[in-house]
Amino acid sequence: MRLDKPIGIFLLLCPSFWVIAYSNEGNLNNQLSLIFLIGVITTRTIGCVINDFFDKDFDKHVIRTKNRPYASKLISTKEVLIIFTILAMLNLSLFFFLNLKAIYFSLIAIIFIIFYPFTKRFFKAPQIFLGFTFATSTFISYAAVTNSFPNFIIILFFFGTLVWVTMFDTIYAMSDKKDDLKIGVNSTAILFGDKDKIAVALLQFIFFVIFLYIGYLNEYSYIYYLFLVFAIMVGVYNQLLIKKRDLALCMTAFKNNQYIGYLIFFG
């Protein structure tokens, strides 16, 4: 379930809470915020279980993942299915607190979550698929707050999230590049080749431009832009970290993206 490594929860939480804050004039003191907090925790956990279940034969050949419980045979298939069932029931029970539009988008997200592990086998850029999976949370949260379909600004949040996730998961994939090439798994780190750092920089640039535009359209004050500048500084620091493609530093840069998410949220 990887609850001992909550970075994925923190990253997934940001897009939902960006949109809740935008849609609700910054007010998070409500039941919906709690529902989304629980939903993000259970969704990310389910994603980990599904991913590890289908990637067992890959994980055992990768240094970073070979000790995962299912890959190292610490738990059985039956136990994995029991864990998945309990988490799925908990996650689906949250539908009782959502309107129909939010449920529709949630069902689309479920399809993406289930199919994501398979994309590594045939799709050259599975990080983009993961970006779509993350980004559907922007539609779900907006529908939950307003009972409406996405407007133009929410579509910007969607594409901003898509670009952001593709960027930071490319950094994540850079640490697995050698192992992925050996076992035949696709990633954007492999797709971009020697241009991976340039690709990350370009994706970061697009991401920040999108959020500058969101601030402009919403007529946010200088406070928003101040926090955005701090977020950009984290992005620049991340570029320095991945300069030599050092595995540990790439992982640090990946984790640092949570601070970009927090800063934008606070702004």
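Residues numbered from 1 in each chain as written. Predicted model: local features only at pLDDT ≥ 70, side-chain atom pairs only at ≥ 80, totals over all residues. Heavy atoms only, no water.

Caption draft 1: View of the packing of aromatic side chains. Scanning the entire structure with this criterion turns up 32 aromatic pairs. Summarising the aromatic geometry, the rings of Phe10 and Tyr262 are spaced 6.5 Å apart at their centres and angled 65° between planes, so their arrangement reads as edge-to-face. Taken together, the residues span a long stretch of sequence, with Phe10 in helix H1 (residues 7–23) and Tyr262 in helix H12 (residues 247–266) at a distance of 252 residues. Using a relative accessible area of 31% as the deciding quantity, one classes Phe10 as partly exposed. The exposure class of Tyr262 is partly exposed, given its relative accessible area of 25%. Taking 5.2 Å as the distance between ring centres and 75° as the angle between the ring planes, the aromatic pair formed by Phe53 and Phe54 counts as edge-to-face. Since its relative accessible area comes to 31%, Phe54 is described here as partly exposed. Across the ring face of Tyr70, the terminal group of Lys56 is positioned such that the distance to the ring centre comes to 4.8 Å. (Phe/Tyr/Trp six-rings, centres within 6.5 Å; stacked < 30°, edge-to-face > 60°. Helix = DSSP H or I, 4+ residues; strand = E, 2+ residues; numbered from the N terminus. Buried < 20%, exposed > 50% of the residue type's maximum accessible area, 1.4 Å probe, protein only. Lys NZ or Arg CZ within 6 Å of the ring centre and 35° of its normal.)

Caption draft 2: Expanded view of a nonpolar patch on the surface. Together, Met1, Leu3, Leu34, Leu37, Ile38 and Ile41 make up an exposed nonpolar region whose accessible area comes to about 470 Å². When you line up the elements, Leu3 lands in the segment before H1. (Patch = residues over 30% accessible without salt bridge, like charges linked within 9 Å, V, L, I, M, F, W, Y side chains within 5 Å. Areas by Shrake-Rupley, 256 points an atom, 1.4 Å probe, with all protein chains shown as cover. Salt bridge = Lys/Arg side-chain N within 4 Å of Asp/Glu carboxyl O.)

Caption draft 3: Seen up close, the environment of Leu241. Here Leu241 lies in helix H11 (residues 222–241). With 10 residues separating them in the primary sequence, Leu241 and Met251 have C-alpha atoms 9.2 Å apart. In this structure Leu241 touches Leu249, Thr252, Ala253 and Asn256, once residues within four positions along its chain are discounted. (Contact = heavy atoms within 4.5 Å.)

Caption draft 4: Quick look at the pattern of salt bridges. The tally for this structure, following the rule as stated, stands at eight salt bridges. Lys60 is paired through a salt bridge with Asp57; the nearest N and O atoms lie 3.6 Å apart. A relative accessible area of 41% places Lys60 in the partly exposed class. Between Arg68 and Asp59 there is a salt bridge, and its shortest N-O distance comes to 3.6 Å.

Caption draft 5: Highlighting unusual backbone geometry. Non-glycine residue Lys73 carries a positive phi angle of around 65°. Here Lys73 is to be found in the loop between helix H3 (56–59) and helix H4 (77–93). Phi angles above zero are rare outside glycine, and Glu219 is one such case at about 55°. Mapped onto the elements, Glu219 comes out in the loop between helix H10 (196–218) and H11.

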